[in-house]
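These are the residues of each chain, in order.
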Amino acid sequence: MFSPFFVELIQQLVQVKNPYLDTMEEDILYHFNLGTKTHNLPEMFGDIKFVCVGGSANRMKAFAQFIHQELKLSGNPEEISDICEGTDRYCMYKVGPVLSISHGMGVPSISIMLHELIKLLHHAQCHDVVLFRLGTSGGVGLAPGTVVVTEKAVDYSFRPQFEQVVLGKVITRSTELDEGVAHELLQCSSELQNIPTVIGNTMCTHDFYEGQGRLDGALCSFSHEEKLEYLRKAYDAGVRNIEMESTVFAAMCRVCGLKAAVVCVALLNRFDGDQITSPHDVLVEYQQRPQALVSHFIKKRLGLV
Ligand code: R2B
Ligand code: URA
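Participant: Tell me about the overall build of the protein, and name the residues and values.
Facilitator: Along the backbone of the protein there are eight helices and 12 strands. For 305 residues, the compact-globule estimate of 2.2 N^0.38 gives 19 Å, and the protein sits close to it at 19 Å. For the protein, the spread of C-alpha atoms along the principal axes amounts to about 60 × 50 × 40 Å. The buried share of the protein, reckoned over its 305 residues, is 48%. Sequence separation of 24 or more characterises 76% of the internal contacts of the protein that already satisfy a separation of 6 or more.

Participant: How would you summarise the pairing of strand E4 (residues 92-95) if you had to cite specific residues and measurements?
Facilitator: One ladder, built from four bridges, connects E4 with strand E5 (residues 98-102); its direction is antiparallel. In the sheet register, Lys-94 faces E5, and the bridge partner there is Leu-99. In this structure, the hairpin formed by E4 and E5 is closed by a connection of two residues, where Gly-96 is found at a positive phi of approximately 55°.

Participant: I'd like a description of unusual backbone geometry, backed by residues and values.
Facilitator: In this structure, Leu-167 takes a positive phi of about 50° despite not being glycine. Relative to the helices and strands, Leu-167 resides in the loop between strand E8 (161-166) and strand E9 (169-174). Judged by its relative accessible area of 83%, Leu-167 falls in the exposed class.

Participant: Would you mind going over the confidence of the model for the protein in detail, with residue names and values included?
Facilitator: Per-residue confidence for the protein averages 96 on the pLDDT scale, and 97% of its residues sit at or above 70. Predicted complex, confidence summary: ipTM 0.99, pTM 0.96.

Participant: Which residues make up the packing of helix H5 (residues 179-190) against helix H8 (residues 280-301), and what values do they have?
Facilitator: Interaxial distance between H5 and H8 falls to 9 Å at its minimum, and their mutual angle equals 105°. By the angle between their axes, H5 is roughly perpendicular relative to H8. Contact with H5, carried on its side by Val-181, Glu-184, Leu-185, Gln-187, Cys-188 and Ser-189, involves Leu-293, Val-294, His-296, Phe-297, Lys-300 and Arg-301 of H8 and no other residues of that element. Here the contact of H5 with H8 is composed, by residue class, of six nonpolar, three polar and three charged.

Participant: Before we move on, could you go through the side chain of Gln-65 and cite the residues and values that matter?
Facilitator: Structurally, Gln-65 is set in helix H3 (residues 57-70). Look past the residues within four positions of Gln-65 in its chain and what remains in contact with it is Pro-77, Glu-78 and Ile-80.

Participant: So what's going on with the packing of aromatic side chains? Residues and values would help.
Facilitator: Within this structure, the stated rule accounts for four aromatic pairs. Ring geometry for Phe-32 and Tyr-90: centres 6.0 Å apart, planes at 75°, overall edge-to-face. Highlighted residues: Phe-32 in the loop between strand E1 (28-29) and strand E2 (34-35) and Tyr-90 in the loop between H3 and E4, separated in sequence by 58 residues. Assessed through its relative accessible area of 0%, Phe-32 is described here as buried. We note Arg-240 situated over the ring of Tyr-235; from NZ or CZ to the ring centre the distance is 3.6 Å.

Participant: Residue-level account of the site of ligand 1, with values.
Facilitator: Taken together, Met-105, Arg-133, Thr-136, Phe-208, Glu-243, Met-244 and Glu-245 make up all the residues around ligand 1. In the environment of ligand 1, an oxygen atom lies 3.0 Å from a nitrogen or oxygen atom belonging to the side chain of Thr-136. In the environment of ligand 1, an oxygen atom lies 2.8 Å from a nitrogen or oxygen atom belonging to the backbone of Met-244. For ligand 1, whose free accessible area comes to 270 Å², the fraction covered by protein is 81%.

Participant: How would you sum up the pattern of salt bridges? Please name residues and give values.
Facilitator: Tallied over the entire structure, the rule returns 14 salt bridges. A salt bridge links Arg-159 to Asp-155; the nearest nitrogen and oxygen atoms lie 2.9 Å apart. Since its relative accessible area comes to 30%, Arg-159 is described here as partly exposed. For Asp-155, a relative accessible area of 7% gives the class buried. A salt bridge links Arg-301 to Glu-184, with the nearest nitrogen and oxygen atoms 2.9 Å apart. On the criterion of sequence distance, the pair formed by Arg-301 in helix H8 and Glu-184 in helix H5 is long-range, its members being 117 residues apart. For Glu-184, a relative accessible area of 28% translates into the label partly exposed. Sharing partners across several salt bridges, the network here consists of Arg-133, Glu-243 and Glu-245.

How each quantity is defined
- Each chain has its residues counted from 1, following the order in which its sequence is written.
- Chain letters and ligand numbers both follow the written order, the letters beginning at A and the numbers at 1.
- For a predicted model such as this one, the threshold for reporting local features is a pLDDT of at least 70, and the threshold for listing and counting side-chain atom pairs is 80 or more; totals across whole chains, interfaces and linings nevertheless cover every residue.
- Side-chain metrics rest on all non-hydrogen atoms present in the structure, leaving aside hydrogens and water.
- Helix numbering and strand numbering both begin at the N terminus, where a helix is a DSSP run of H or I of at least 4 residues and a strand a DSSP run of E of at least 2.
- Just to be clear, the radius of gyration here is over C-alpha atoms, and the globule rule we use is 2.2 Å times residues to the power 0.38.
- Between buried and exposed lies partly exposed: a residue is buried under 20% and exposed over 50% of the maximum accessible area for its type, with that area taken using a 1.4 Å probe on protein chains only.
- By definition, residues are in contact when any of their heavy atoms lie within 4.5 Å.
- Strands pair, by our definition, only if DSSP identifies at least two bridges between them.
- Scored between 0 and 100, pLDDT is the confidence that the predictor attaches to each residue.
- All axes here are fitted lines through C-alpha atoms, helices being fitted over the stretch that makes contact, and every angle between N-to-C directions spans 0 to 180 degrees.
- Roughly parallel covers angles under 35 degrees, roughly antiparallel covers those over 145, roughly perpendicular covers 65 to 115, and oblique covers all other angles.
- In this classification, the charged set is Asp, Glu, Lys and Arg, the nonpolar set is Ala, Val, Leu, Ile, Met, Phe, Trp, Tyr, Cys and Pro, and all remaining amino acids, among them Gly, are polar.
- Think of it this way: a Phe, Tyr or Trp ring, Trp meaning its six-membered ring, pairs with another when their centres are within 6.5 Å, and the plane angle makes it stacked under 30 degrees, edge-to-face over 60, tilted otherwise.
- Definition used: whenever NZ (Lys) or CZ (Arg) falls within 6 Å of the ring centre and also within 35 degrees of the ring normal, the charge is taken to sit over that ring.
- A molecule or strand has a residue near it when one of that residue's heavy atoms lies within 4 Å.
- N or O atoms within 3.5 Å of each other form a polar contact, as long as, within protein, one can give a hydrogen and the other can take it, and as long as residues adjacent in sequence are counted only when both atoms are side-chain atoms.
- Under the convention used here, a 1.4 Å probe and the Shrake-Rupley method define accessible areas, while residue burial counts only the protein chains that appear.
- By convention in these notes, a salt bridge is any Lys or Arg side-chain nitrogen within 4 Å of a carboxyl oxygen on Asp or Glu.

Here it is as structure tokens:
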């Protein structure tokens, strides 16, 4: 019989769901420029407890520097180095128990990154890890600057599922996120100033323009009224923001037993328009809000506040 402690530890390990991985002598994480034979992954990453992912390489570097200061770690935050500098696909920074990684835009880009990240956490024997996607989004009936903590990540029909084509057939996976982490984040927002936050559903699309009902793309196959009707239906289904990665993020984390949350700031209210017109400094400040919220969460979990 295993002790309850051992059973709990196994449950908290990152579970890859691929029997072939065990049979491989070496695993090359090609897009990270890392591998099980070339790098000591347990030594490099074994103490990771929080993984924060976001679209832009610059933003995730800025987040790594910010969390370095927040956690009051020794060393110069300006000197942190990109673990993936051998590739320009993604960037990766490790700051104490926090890993900050960029994922690019859209489902295919984040899904490649997540396959390799989840394998990395598995090879490194990490346990008890929480993942966050920190991002931007279009708000649905929200004031610009509002942060949305995702309750359910939903598809274009507002269903909490992600469809993946595998061997020519569609596989459907659930996109439920960790309720406890979402509520802990909401609690964190109430302890901070100037981070208006709501919990709501997040719609994930495969395009920024027509796919999100924008009238300002190079193509537009619908009317202004049809756009508003779709956004109204989305709002009635509990959708409060629209972005491009949440469903596959939620689905992959769930299958692999990882607790995960999506925290995106709304850059505009899509009922009011499609173009992002706020000045650069305002947008920069908005994008710092999910970072401040998740930083507070991490500091609380580490007993630093
Ligand atoms: C939010 O912002 C990007 C598009 O501008 C996309 O990656 C997303 O999900
Ligand atoms: N990101 C999106 O995907 N949509 C928006 O409207 C803004 C940011």
